[in-house]
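Structural overview
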Amino acid sequence: MTSLEYGNEPRRDSGGDARSAELADRLGLVRQRIEAALRAAGRTDPPKLIVVTKFHPAADVRRLAALGVTDVGENRDQEAASKSVELADVDVRWHFVGQLQSNKAKSVAKYAASVQSIDRPQLVDALAKAVAREKDATGRSDLDCYIQVSLDDDAGAHRGGAGPSDVEALAGRIESADGLRLSGLMAVAPLGADPEAAFEKLAGISGALRKLHPAATAISAGMSQDLEAAVKFGATHLRIGSDILGSRPAVG
Ligand SMILES: *Cc1c(COP(=O)(O)O)cnc(C)c1O
C-alpha cells in the first residue's frame, strides 16, 4: 500500500482540498499510463476514460468533474440514482456497468447515458420500454447499449456477461428497439487469466459484430490492473476505478 491509498478514513468534503489534490495526482498517473500504452501500441486514437466511482461519495464525482473528468461509471442502481440526483448541476455522463435487474431499467433510464452490461434479451426489452417512457416524459436521448461478453472458458470463474454465441441475437434485438443504440461490446478480463489473451478474443468478437453492425465500434475493456492490455487490443473505452479513487471503502 502506498501513502496515497485511500481507505476508510473520514472524508474531507470541502473544495480545493487534500482529496482533490490526491485525485488529481492519481488521475495524472493513469493518464500517463494510457498515453504510454497508446505509444506502445502505435495508436493515436485515445480511448474514452470512464472513472468508476462506485462506493465513493458524490463529492468525489464533483471533484473529478472539476479535474476534467466527463464520464463516470457506477454498478448499483440505488447508489447511481442518488448520486446523479445530488449532482444534477454537474456536467458528467453516467455509465451503468454492473449487473442489472430488469425491474431497475426504469430507474436507470432516468440518468444513464449508457448501459454497458446488457447480457440477456429480457433486459433489452425492459430498457427499450423504460427509455421510451423517459423519452416521452423528458425527451432524453437514445441509450447507448453495450453487450457484455463473457470471456471465460470456465463457467465456474464467470464474471458475468453473455456467451460469445449470444452476441448476434442480442445485437439484433437492440438494433430493432426504438431508443436503443448499439454501441458495441463490454468485457471484464477473467480472474487469474492472461488479460492480453482475453482482450485479443474480445477484439475478434468485436470484428465479427462489426461485419453485421458497422456502427457498433465500441470496445469497453480495461480496468486498473489491465488497461495496458486493453489499449493494446483496441479498447475504445477504459473503466478505471481503484487506481484513481483508491481502494473501495468496505461498505455494503
Ligand atoms: C469496479 C469496476 C471497474 C473498475 O475496476 P477497478 O479495478 O477498480 O479499476 C470496471 N468495470 C466494472 C464492470 C466494474 O464493476
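From a predicted model like this one, the values you see are computed outputs, not experimental measurements. (Residues numbered from 1 in each chain as written. Predicted model: local features only at pLDDT ≥ 70, side-chain atom pairs only at ≥ 80, totals over all residues. Heavy atoms only, no water.)

Further remarks concern the overall build of the protein chain. Per the secondary structure count, the protein chain includes nine helices and eight strands. Taken over the C-alpha trace, the protein chain has a radius of gyration of 18 Å; the compact-globule value for 252 residues is 18 Å, and the two agree within 12%. Once the C-alpha set of the protein chain is aligned to its principal axes, its extents read approximately 50 × 45 × 35 Å. The proportion of buried residues among the 252 residues of the protein chain is 50%. Contacts in the protein chain between residues at least 24 apart in sequence constitute 61% of all its contacts with a sequence separation of at least 6. (Helix = DSSP H or I, 4+ residues; strand = E, 2+ residues; numbered from the N terminus. Rg over C-alpha atoms; globule rule 2.2 N^0.38 Å. Buried < 20%, exposed > 50% of the residue type's maximum accessible area, 1.4 Å probe, protein only. Contact = heavy atoms within 4.5 Å.)

Across four bridges, strand S2 (residues 71-74) lies against strand S3 (residues 93-96) in parallel orientation. Paired with Val 72 across the bridge in S3 is Trp 94. The parallel pair S3 and strand S4 (residues 112-118), bridged by helix H4 (residues 105-111), forms a crossover whose chirality is right-handed. (Pairing = 2+ DSSP bridges. Right-handed = clockwise from strand over helix to strand, strands pointing away.)

Turning next to the site of the ligand. Around the ligand, the surrounding shell consists of Val 52, Lys 54, Val 97, Met 223, Ser 224, Arg 239, Ile 240, Gly 241, Ser 242 and Arg 248. Contacts to the ligand include Arg 239, whose side-chain N or O atom sits 2.9 Å from a nitrogen atom. Protein contact buries 90% of the 390 Å² of open area that the ligand shows by itself. Among the residues forming the shell around the ligand, the class breakdown is four nonpolar, three polar and three charged. (Near = heavy atom within 4 Å. Polar contact = N/O pair within 3.5 Å; in protein donor to acceptor, adjacent residues only side chain to side chain. Areas by Shrake-Rupley, 256 points an atom, 1.4 Å probe, with all protein chains shown as cover. Nonpolar A, V, L, I, M, F, W, Y, C, P; charged D, E, K, R; others polar.)

To continue, consider the nonpolar core. Counting 69 residues, the largest nonpolar core has Leu 127, Leu 180, Phe 199, Leu 202 and Ile 244 as its most contacted members. Excluding anything up to four places from it in sequence, Leu 180 contacts Val 124, Leu 127, Ala 128, Val 131, Leu 143, Cys 145 and Ile 174. Counting residues in hydrophobic clusters, the runner-up holds five residues, among them Val 97, Met 186, Val 188 and Ala 218. (Core = buried A, V, L, I, M, F, W, Y, C linked by side-chain atoms within 4.5 Å.)

This part is about the pattern of salt bridges. With the rule as written, the count across this model stands at 20 salt bridges. A salt bridge links Lys 110 to Glu 134; the nearest nitrogen and oxygen atoms lie 3.6 Å apart. Here Lys 110 is found in helix H4, whereas its partner Glu 134 is found in helix H5 (residues 121-138), with 24 residues between them in sequence. One salt-bridge network, in which partners are shared between bridges, spans Asp 17, Arg 19, Glu 22, Arg 26, Asp 60 and Arg 63. (Salt bridge = Lys/Arg side-chain N within 4 Å of Asp/Glu carboxyl O.)

The N-to-C vectors of H5 and helix H6 (residues 167-175) enclose an angle of 10°; their axes lie 10 Å apart at closest approach. Classified by the angle between their axes, H5 and H6 sit roughly parallel to one another. Note on element contacts: H6 touches H5 through Leu 170, Arg 173 and Ile 174, opposite Pro 121, Val 124 and Asp 125. Looking at the contact of H5 with H6, its residues break down into four nonpolar, no polar and two charged. (Axes fitted to C-alpha atoms, helices over the stretch in contact; angles between N-to-C directions. Parallel < 35°, antiparallel > 145°, perpendicular 65-115°, else oblique.)

Two packed helices can be described by the angle between their axes and the distance between those axes. In contact at an axis separation of 10 Å, helix H1 (residues 18-41) and helix H2 (residues 58-66) are set at 60° when each is read in the N-to-C sense. Classified by the angle between their axes, H1 and H2 sit oblique to one another. Viewed along their axes, H1 and H2 form a crossing whose handedness is right-handed. On the side of H1, the interface is formed by Arg 19, Ser 20 and Leu 23, while H2 contributes Asp 60, Arg 63 and Leu 64. Here the residues of the contact of H1 with H2 sort into two nonpolar, one polar and three charged. (Left-handed = near helix turned anticlockwise from the far one by under 90°.)

Spatial relationships are all this shows, so hold off on functional conclusions.
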